[in-house]
Amino acid sequence: MSLYPLFADLRGRPALVVGGGEVAQRKIVRLLGAGAAVTVVSPHLHPSLVELVRAGKVAHQEAEFRPELLDGQWLAIAATANHGVNRAVALAAQARRILVNVVDDAQLSSFHVPAVIDRAPVQIAISTAGAAPMLARVLRERIEALLDQSVGALARLLDRYRLRIRERHPDVAARRRFYSQAITGPVAALLRRARPADAEAELQGALVLGQSEQPGSVALVGAGPGDPGLLTLHALRALNEADVILHDRLVDARILDLARRDAQFIDVGKRAGAHATNQDRIHELLLAYARSGKRVVRLKGGDPFVFGRGGEEIEFLREQAIAYEVVPGITAATACAAYAGIPLTHRDHAQSVRFVTAHCRDSLDALDWPALAADRQTLAVYMGIGEVETVSDRLIAHGRDRATPFALIENGSRPEQRIVTGVLAELVERARRYAVTSPAMLIIGDVAALAERLHWFGAAPLGSGADSSMPVDGEFATAQSYA
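Cut-offs and rules
- Along each chain, residue indices are assigned from 1 in the same order as the chain's sequence is written.
- With pLDDT at 70 or above as the cut-off, local features in this predicted model cover only qualifying residues; side-chain atom pairs require 80 or more to be listed or tallied, and sums for whole chains, interfaces and linings still use all residues.
- Based on all heavy atoms of the structure, the side-chain values leave hydrogens and waters out of the count.
- Two strands qualify as a pair provided that DSSP identifies no fewer than 2 bridges between them.
- Comment: elements are numbered from the N terminus, with helices defined as DSSP H or I runs of at least four residues and strands as E runs of at least two.
- Partly exposed residues are those whose accessible area sits between 20% and 50% of the maximum for their type, while under 20% is buried and over 50% is exposed, using a 1.4 Å probe and protein chains only.
- An arc is given here, and it is the one of the directions from the helix axis to the C-beta atoms.
- Note on contacts: a residue pair qualifies if any of its non-hydrogen atoms lie within 4.5 Å across the two residues.

(A) Molecular detail of the pairing of strand β7 (residues 122–126). Pairing between strand β6 (residues 115–119) and β7: 5 bridges, direction antiparallel. Within β7, the residue paired with Ile117 across the bridge is Ile124. Counting the residues that bridge the hairpin from β6 to β7 gives 2 residues.

Listed below in structure tokens is the structure:
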């Protein structure tokens, strides 16, 4: 270890920053956040620093650096563009045994400013000893994704009860077990759900009753349409804490790779014509694993509450008194349309958007076709690749213009994404010609035509101007599409 890590208490203590530019401004803001009494030395100041000085938050020495300005300081930062000035600050500070940081010069620095993850009062600092600051930033981003914002609230709650916990559990091993349960169990879960009063009551109850068997829980997590970069931070945290992951068939393998390595993975994907796992069986699995004390993630493609049966599952969990939370995902309609360059609403073309599902005849019969056939709106049809003929026929029969544009987005947001465009009258023929398969999202409306010139991800759309001379063998799939 080349550096000694420490966290300095600078509240009310003087710190000197030499330099008045943007870099100095960033350093000053962090010092102020730690409560330091900051003086900036520079003949000229960045406008944002001028405001801080006017507000009385920073003292200003409108002068060139002189060594005696360091007298009485606890630490110093040299942040000028002049190497000679920076070196003079470093040598003068070292002579006075004052810790000094010279921006972008590890050799002259006696301390380094780390990349910080702030969940006050919890802080995680990452340093490469000045060797590779960009690496520290990348590591910070990765760790940020794993830490929920409620970590700070958990630390403050445990701090308030520290003496009571010590009195209740004088044995160190028992105390560690208690903390472990508080940090990974219901107390932390309630704080993540923004229920601090319930979390405190849970902690109080645990102190009174002592150790108990860890209760299980279920998180319904939306995996989005496929691109792992579209996962939310909450989703990534849940995947890294899960003991068991029940996942849909359409969840991208790259997303499963982000999960906890030793988790148990169970494919509960439903396939048209051959249901691998019916909904009742999924309920049974959720219940069994949660009651055994496991942290279960029900991982769904898209969003759990958009044609994902998430409502049915949390109704079941509530009836069984199983703790649950819901982590929304980016639903396929918004993600696939965005990756195809299609705005679902547009001031000139569509003032509303409707999400509909067409995965079976019963769902089609339940739709309000006259309303769906109205113009100046966008239809986003989920699970519809096997019913494109029925969708097209019924929309046209109820008055939708045969020349209405459509876009079929296959494997939206994934490297193999394809877009097939055309007009409603030729939807069936184009879906067959290009053998469009599940998962695919169908977008109908004037906005779909924008894919021809606004697409940005993957290959250009196979539209009216595309080469259609190459025949494609095989029928297009009738399997379940995006959920």
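Continuing now.
(B) Region of interest: helix α13 (residues 310–319). Of the residues making up α13, those classed as buried are Gly310, Glu313, Ile314, Phe316 and Leu317. Down the axis, α13 shows its buried residues gathered within 155° of arc, on one side only. Seen from the buried face of α13, the exposed residues on the opposite side, beyond 90 degrees, are Glu315, Arg318 and Glu319. Positive backbone phi, approximately 60°, marks Ala321, located one or two places after α13.

(C) Geometry of helix α14 (residues 332–339). With 6 of 8 residues buried, α14 is to be regarded as a mostly interior element. The set of residues buried in α14 consists of Ala332, Ala333, Ala335, Cys336, Ala337 and Tyr339. Each element contacted by the buried residues of α14 is listed here: β13 (353–357), β14 (378–382), β15 (405–410) and β17 (440–444). Positioned one or two residues after α14, Gly341 has a phi angle of 75°, which is positive.

(D) Local environment of the environment of Glu389. Note on placement: Glu389 falls in helix α17 (residues 388–397). Separated by 74 residues in the primary sequence, Glu389 and Glu315 place their C-alpha atoms 35 Å from one another. Excluding its chain neighbours within four sequence positions, the residues that come into contact with Glu389 are Val428 and Arg432.

(E) Highlighting the environment of Ala24. Summarising the element assignment, Ala24 is placed in helix α1 (residues 22–33). For Ala24, a relative accessible area of 0% puts it in the buried group. When sequence neighbours within four positions are dropped, the list of residues in contact with Ala24 reads Val17, Gly19 and Ala79.

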